[in-house]
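# A closer look at the structure
Listed here are the chains, written in short residue letters.
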Amino acid sequence: MIASCVDFVSAACYYVVNVKYEARLIDTACRDWVLNSMEMSFMHCESSASATNSDFGRCERIVKRWASSAVDLEVKDDKHTLQDFLFFLHVPRTGGRTYFHCFLRKLYSSSQECPRSYDKLRFDPSKPKCRLLVTHDDYSMMSKFPREKLSVVTILRDPVDRVFSTYEFSVEVAARFLVHPNLTSATRMFGRLGPKTNGISTLDIWPWKYLIPWMREDLFARRGARKQRGSNDVRSNDSYDMKEVVMPLHEYITDPTALDIVHNGATYQVAGLTNNSYFAESHEVRHCVQKHRILGDYVLQVAKKRLDNMLYVGLTEDHRESATMFANVVGAQVISQLEASNSSMESITDKKSAQISSFSAADVSINGHKRQSGSIEHIGRENSTDAEADKENMTVEKLMGAYESCISNLRKAQSQRRTNSLKRISPVKFSKEARRQVPEVVLQQIRSLNNLDLELYKYAQVIFRKQHENSLQKLSSIERLENMFGDSGGFTLWELAFAFSIVIIFVVGIVFVNARRTTLKVKI
């Protein structure tokens, strides 16, 4: 608005000069009318500029106040240590679902997952022993938990690729409804099936509960228009610009729904400012940033600080390195916690068994053979599922092997679902090759609309490189120690470390006793 006013003033000055000094071109009445009209228009322009300045000032105060209270300035000292609770902040279309199925479900039992932890946005995490939350919830979910007991992990993706993937998935899932004759039939059928099944539909999950119905309605409208024309001809060869079949990408990215939910989505999610945030002020802050782009820097700084405090930040594009690092950084600590928990439980069980045996003569069976200590627990473990047994015996190497097998099967299933869906909107075929046909002007528009996400992604790349280097250094140190003690009679590194600790304690004890004797002699 301010820029347009400046342009208006320049134009007004030019015409005033012409009107005043070249009056012979028009009569006096016309000249007076032009001057009066320009004066009134300029006053209106000044009023609009004043209102814009006032709104900017209000928004700046709102955003600054939120930013100052949203994040601690100090980075956690223990951010690399897994706490009691793990929150996987799953940014849509980053590959997080594969981490959930192929990593976390190999590490955590179903009893440790929070209720509907992947599926629905709103829930009360009050389930006993709830230790894992994997969801599209934004960072405002942190308000539900004590921060000192919580570790957060996430994965980010190149913003342009993420917009492509969001568009493609929205269309893909919406196309599944085209088996119905019309939109009314599709929505009614979904409404009848939903309450009868305990399963969760994609339409229950944020942000798809907004994006897919939008795309579904559009697909039915375009199919109806083709039927009315009596033609299925498609003029374009670009799958992202087949307006006869599906909403073109360039229309999708400028729609108000996409502007509010898709663009800069990763930054808003990490900052806790999505349209499903638990923070009361989130919507006003987000709308202020969308109106005044310069205020986005406050949100960006909050999001960067939160990435700094996370246990792990992965990158979709560096898939192999990200997966390996996740297994070594997160997986190894979950396994360690599980081993410690099992050791503690076995210790408690042994104590109870000892107490029972001391008060009972039932240690001898009918055949005269003694029962094995802890036999009840042994039987219980034999009856447990293979999956739980695998968790108890899990190692980082086994975890990576299970991940590779799992992700291969998952990708095959996803590819088959996509193929079946896109058949209903042929000749549309989404692929990396098809993306290359998208004009540069559209790509540039996507970059502009995702300016915050681009900066956050660059920052995540720096964090990732540092994490990768630290992970490699730790692995190298462990390998050197294992090589040093490789010929130590078959003992593991941890057994040797424990024995070394005992020796140290013993030596310190001897020194302490000798010091006490010396003190006594001096007193005597």
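Rules and cut-offs
- Residues numbered from 1 in each chain as written.
- Predicted model: local features only at pLDDT ≥ 70, side-chain atom pairs only at ≥ 80, totals over all residues.
- Heavy atoms only, no water.
- Axes fitted to C-alpha atoms, helices over the stretch in contact; angles between N-to-C directions.
- Helix = DSSP H or I, 4+ residues; strand = E, 2+ residues; numbered from the N terminus.
- Parallel < 35°, antiparallel > 145°, perpendicular 65-115°, else oblique.
- Left-handed = near helix turned anticlockwise from the far one by under 90°.
- Contact = heavy atoms within 4.5 Å.
- Polar contact = N/O pair within 3.5 Å; in protein donor to acceptor, adjacent residues only side chain to side chain.
- Phe/Tyr/Trp six-rings, centres within 6.5 Å; stacked < 30°, edge-to-face > 60°.
- Buried < 20%, exposed > 50% of the residue type's maximum accessible area, 1.4 Å probe, protein only.
- Expected span 1.5 Å × (residues − 1).
- Core = buried A, V, L, I, M, F, W, Y, C linked by side-chain atoms within 4.5 Å.
- Pairing = 2+ DSSP bridges.
- Disulfide = S-S within 2.5 Å.
- pLDDT = per-residue confidence, 0-100.
- Salt bridge = Lys/Arg side-chain N within 4 Å of Asp/Glu carboxyl O.

## Observations regarding the packing of helix H4 (residues 159-175) against helix H15 (residues 396-422)
In contact at an axis separation of 8 Å, H4 and H15 are set at 70° when each is read in the N-to-C sense. The orientation of H4 relative to H15 falls into the category roughly perpendicular. Between H4 and H15 lies a crossing of left-handed hand. Facing Glu168, Glu172 and Ala175 of H4, the residues of H15 in contact are Arg417, Arg418 and Ser421.

## Things to note about the side chain of glutamine 83
Considering the arrangement of structural elements, one finds glutamine 83 in the loop between helix H2 (28-70) and strand E1 (85-89). Separated by 3.1 Å, the side chain of glutamine 83 and the backbone oxygen of threonine 81 make a polar contact. Aside from chain neighbours lying at most four places away, what touches glutamine 83 is Asp78, Glu148, Lys149, Leu150, Ser151 and Gln337.

## Here's the deal with the packing of aromatic side chains
If you walk through the whole model with that rule in mind, you get 16 aromatic pairs. With a centroid separation of 5.4 Å and an interplanar angle of 70°, the aromatic rings of tyrosine 99 and phenylalanine 103 are classed as edge-to-face. Of the two residues, tyrosine 99 and phenylalanine 103 are both situated in helix H3 (residues 96-107); the distance of 4 residues between them amounts to about one turn of the helix. Neither tyrosine 99 nor phenylalanine 103 differs from the other in exposure class; each is buried. Aromatic side chains tyrosine 240 and phenylalanine 430 sit 5.1 Å apart centroid to centroid with 35° between the ring planes, which places their arrangement in the tilted category. In this pair, tyrosine 240 sits in the loop between helix H6 (208-229) and helix H7 (249-252) while phenylalanine 430 sits in the loop between H15 and helix H16 (432-435), placing the two residues 190 residues apart along the sequence. On the accessibility criterion, phenylalanine 430 (7% relative accessible area) is buried. One aromatic cluster is present, built from ring pairs that chain together Phe88, Tyr99, Phe103, Tyr312, Phe326 and Tyr403.

## Considering H6
The α-helix winds at 3.6 residues per turn, so residues separated by three or four positions along the chain end up facing the same way. Its 22 residues place the ends of H6 31 Å apart at the C-alpha level, agreeing with the 32 Å of an ideal helix rising 1.5 Å per residue. Along H6, the residues classified as buried are Trp208, Leu211, Ile212, Trp214, Met215, Arg216, Asp218, Leu219, Phe220, Arg222, Arg223 and Arg226. Once H6 finishes, glycine 230 follows within two positions and takes phi at roughly 75°, a positive value.

## Overview of the nonpolar core
Within the largest apolar cluster, 75 residues are counted, with the highest numbers of intra-cluster contacts made by Trp66, Leu86, Phe87, Tyr99, Phe103, Leu307 and Phe326. In terms of residue count, helix H12 (residues 319-358) provides more of this core than any other element does, 7 residues in total.

## Thoughts on the pairing of strand E2 (residues 132-135)
Burial along E2 is two-sided: Leu132 and Val134 and Leu133 and Thr135, pointing in opposite directions, are all buried. Taken together, the 4 bridges between E1 and E2 define a ladder with parallel strand orientation. Each bridged residue has a counterpart across the sheet, and for phenylalanine 88 the counterpart in E2 is valine 134.

## Let's talk about the state of the cysteines
All chains considered together, the criterion is met by 3 disulfides. The disulfide that involves cysteine 59 links it to cysteine 288, with 2.2 Å between the sulfurs. With the S-S dihedral at roughly -70°, the linkage between cysteine 59 and cysteine 288 falls on the left-handed side. Residue cysteine 59 is found in helix H2, and its partner cysteine 288 is found in helix H10 (residues 282-291); the two are separated by 229 residues along the sequence. The buried category is assigned to cysteine 59, whose relative accessible area is 0%. Here cysteine 114 pairs with cysteine 130 through a disulfide, and the sulfurs are 1.8 Å apart. In this structure, the disulfide formed by cysteine 114 and cysteine 130 twists by about 70° around the S-S bond and is classed as right-handed. With cysteine 114 in the loop between H3 and E2 and cysteine 130 in the loop between H3 and E2, this residue pair connects regions lying 16 residues apart in the sequence. Comparing cysteine 114 with cysteine 130 shows no difference in burial state: the two are buried.

## Brief notes about the pairing of strand E4 (residues 312-315)
Residues Tyr312 and Gly314 line one face of E4 and the alternating positions Val313 and Leu315 line the opposite face, and both faces are buried. With 4 bridges joining them, strand E3 (residues 150-156) and E4 adopt parallel strand pairing. Bridging across to E4, valine 153 finds its partner in tyrosine 312.

## A look at the confidence of the model for the protein
Averaged over every residue, the pLDDT of the protein is 79; residues scoring 70 or more account for 66%. For residues 354-385, every residue scores under 50 in pLDDT, and the model assigns this stretch 9 contacts once sequence neighbours within four places are set aside. The low-confidence segment residues 520-524, where pLDDT is below 50, has 0 contacts with residues more than four positions distant or belonging to other chains.

## A closer look at the side chain of threonine 154
Inspection of the secondary structure assignment puts threonine 154 in strand E3. For threonine 154, a relative accessible area of 0% gives the class buried. At 2.6 Å, the side chain of threonine 154 forms a polar contact with the backbone oxygen of leucine 89. Every residue in contact with threonine 154, bar those within four places of it in the chain, is listed here: Phe88, Leu89, Val91, Leu307, Met310, Tyr312, Val313 and Gly314.

## What about H3?
If you check H3, its first and last C-alpha atoms are 15 Å apart, about what 12 residues at 1.5 Å a residue would give, namely 16 Å. What H3 keeps buried is the set Gly96, Thr98, Tyr99, Phe100, Cys102, Phe103, Leu104 and Leu107.

## Observations regarding the pattern of salt bridges
Across all of its chains, the model carries 17 salt bridges by this definition. Between arginine 58 and aspartate 55 there is a salt bridge, with its nearest N and O atoms 3.1 Å apart. With a gap of 3 residues between them, arginine 58 and aspartate 55 both fall in helix H2, about one helical turn apart. Salt-bridge contacts for glutamate 168 lead to arginine 435; the nearest nitrogen and oxygen are separated by 3.0 Å. Of this pair, glutamate 168 sits in helix H4 while arginine 435 is found in helix H16, placing the two residues 267 residues apart along the sequence. Since its relative accessible area comes to 3%, glutamate 168 is described here as buried. Overall, arginine 435 belongs to the buried group, its relative accessible area being 16%. What you see here is one network of salt bridges that share partners, running through Asp161, Glu168, Glu172, Arg176, Arg418 and Arg435.

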